[in-house]
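# Structure at a glance
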Amino acid sequence: MKSLTFKQRVKQGVNDLFYIWKQEFRNTFRDQGMLIFFVLVPLVYPLIYSFIYTNETLRDVPAVVVDNSRTALSRDYLRRVDATPEVSIVSHCADMEEAKLALRERKAYGIIYLPASFSDDIAQGRQTQVSLYCDMSGLLYYKSMLLANTEVSLDMNAEIKIARVGNTTERQDELTAYPIVYQDVALYNPTNGFAAFLIPAVLMLIIQQTLLLGIGLSAGTAREHNRFRDLVPVQRHYNGTLRIVLGKGLSYLMLYALVAVYILIVVPRLFRLNQIALPGELTLFCLPYLLACIFFSMTASIAIRNRETCMLLFVFTSVPLLFLSGISWPGSAIPPFWKGFSYLFPSTFGINGYVRINSMGATLNEVAFEYRALWLQTGIYFLTTCLVYRWQIIQSRRHVIEKYRQYKAKKEEASALPSA
């Protein structure tokens, strides 16, 4: 290298970079494990998650009834509840014990209890009540039960007030029923659906996790195939840190540019999820996210000693990272320590920025904090990756030199034996 001019060194570095890029591409498509993490999982997992939540909201939640009133008014209330899209009354029980048994056997997920004084209290001008007992192992069951019964009770309250006042015009009836007019508008999630709320976050997390698993598997394979269990082989083409990092990173970026288009654009369109992002804004935001994920994964791959280790280290982190992002659990309720800890991962900024751009129509200026944080992570993890691979180059050379010295010493001992 000392005899080469600067121009020749640059040319050789570029040639080695593209050689490493080609080798990494070749290893990716020859290794079945890497194909699974880089191609199959990104193709299939978004579809599975989207198919599971394709109905968006719960409909016709099974419920049982204990009607101790057994009057025309109580039956009218129950008919209205059964007519709502949220609840389906599947059985009328004689008492609460029978209703509890239906819940334990999973024949229903809620109990509607009407007391014996239900109609009498209303007729005498007293306040009555309807009790709900819900299976809280699934909060969506509770949401559907409460929503259906609240809407029906509000409608019946309005009718009872109008009947008692004795107005003479429809306008007076409207003022009596609703003195204050309100309108419920669900921003950025018109259907109040679970898929539109959760799937965008999961899609961004899939990109990071599959990169972690795929790059980790590649590192484990490289160590297993190396005589000294080193990450970097001692070859002419692997004689520089930048060419290794940029060559590998370029191959992952080219592959995941296509994967990101499929996951972040095609999948939401297939399932008709909210998608109001400007293409240019989304592209500019995804670039630092992909780079940060790639260099973060390459840095983390230093801990991988064999192919199976990445599964043990990285798979279990998916659910905690989803919670730490502040999407499935409010970010304002996350303790400061864990909030700071979440800033180590590109998914935290990627998920929040993507949701705001894709589902809320935000621009890059409106997600400037997340955008700058991703570029900062890209720079930091690029430096850590260079340090990691530089250290690996030194280690691999040291192992080869030590082996050569051992071999040379043995050879000298062997040549010295006949003379003795």
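Refer to the structure presented above.
One structure accompanies this document, and this report is about it.

A few words on the packing of helix α9 (residues 241–270) against helix α10 (residues 279–300). Put simply, α9 and α10 touch, their axes get as near as 9 Å, and they point 130 degrees apart. With respect to their mutual orientation, α9 and α10 come out oblique. Here α9 and α10 pass one another in a crossing that is right-handed. Each of Val245, Lys248, Gly249, Tyr252, Leu253, Tyr256, Ala257, Ala260, Leu264 and Ile265 in α9 lies in contact with α10, whose residues at this interface are Leu282, Cys286, Leu290, Leu291, Ile294, Phe295 and Met298. Looking at the contact of α9 with α10, its residues break down into 15 nonpolar, one polar and one charged.

For the largest pocket, the calculated volume is near 540 Å³. In terms of lining residues, the largest pocket is bounded by 21 residues, among which Tyr45, Tyr49, Leu205, Ser318 and Val319 are the most central. Elements with a minimum of two residues in the lining of the largest pocket: α2 (32–52), α8 (194–225) and α12 (318–324). The biggest single contributor to the lining of the largest pocket is α8, with nine residues. Residues belonging to the lining of the largest pocket are distributed by class as follows: 17 nonpolar, four polar and no charged.

This paragraph deals with the sheet that holds strand β4 (residues 131–134). By definition, the strands of a sheet pair up through backbone hydrogen bonds, in either a parallel or an antiparallel sense. Overall, mixed pairing links the four strands, which are arranged β2-β1-β3-β4 in an open sheet. The open sheet has two free edges, formed respectively by β2 (87–92) and β4, since each of these has just one partner strand. Strand after strand, the sheet turns through a mean of 30 degrees between neighbouring axes, direction not considered. As judged from the four bridges shared by strand β1 (residues 61–67) and strand β3 (residues 110–114), these two strands associate in the parallel manner.

Within this structure, the stated rule accounts for two cavities of 30 Å³ or more. Its boundaries defined by the atoms lining it, the largest cavity holds a volume of some 50 Å³. Elements with a contribution of two residues or more to the lining of the largest cavity: α8 and α9. Among the elements that take part in the lining of the largest cavity, α8 stands out by supplying four residues, more than any other. Classifying every residue of the lining of the largest cavity by side-chain character gives six nonpolar, one polar and one charged. Taken together, Ser50, Tyr53, Thr54, Glu56, Ala195, Ile199, Phe271 and Leu273 make up the full set of residues lining the second largest cavity. For the lining of the second largest cavity, the residue count by class is five nonpolar, two polar and one charged.

Rules and cut-offs
Residues numbered from 1 in each chain as written. Predicted model: local features only at pLDDT ≥ 70, side-chain atom pairs only at ≥ 80, totals over all residues. Heavy atoms only, no water. Axes fitted to C-alpha atoms, helices over the stretch in contact; angles between N-to-C directions. Helix = DSSP H or I, 4+ residues; strand = E, 2+ residues; numbered from the N terminus. Parallel < 35°, antiparallel > 145°, perpendicular 65-115°, else oblique. Left-handed = near helix turned anticlockwise from the far one by under 90°. Contact = heavy atoms within 4.5 Å. Nonpolar A, V, L, I, M, F, W, Y, C, P; charged D, E, K, R; others polar. 1 Å grid on protein atoms, 1.4 Å probe; cavity = no way out; pocket = protein on both sides within 12 Å on 5 of 7 lines; lining within 4 Å. Points joined across faces, edges and corners; volume = space filled by probe spheres on them. Pairing = 2+ DSSP bridges.

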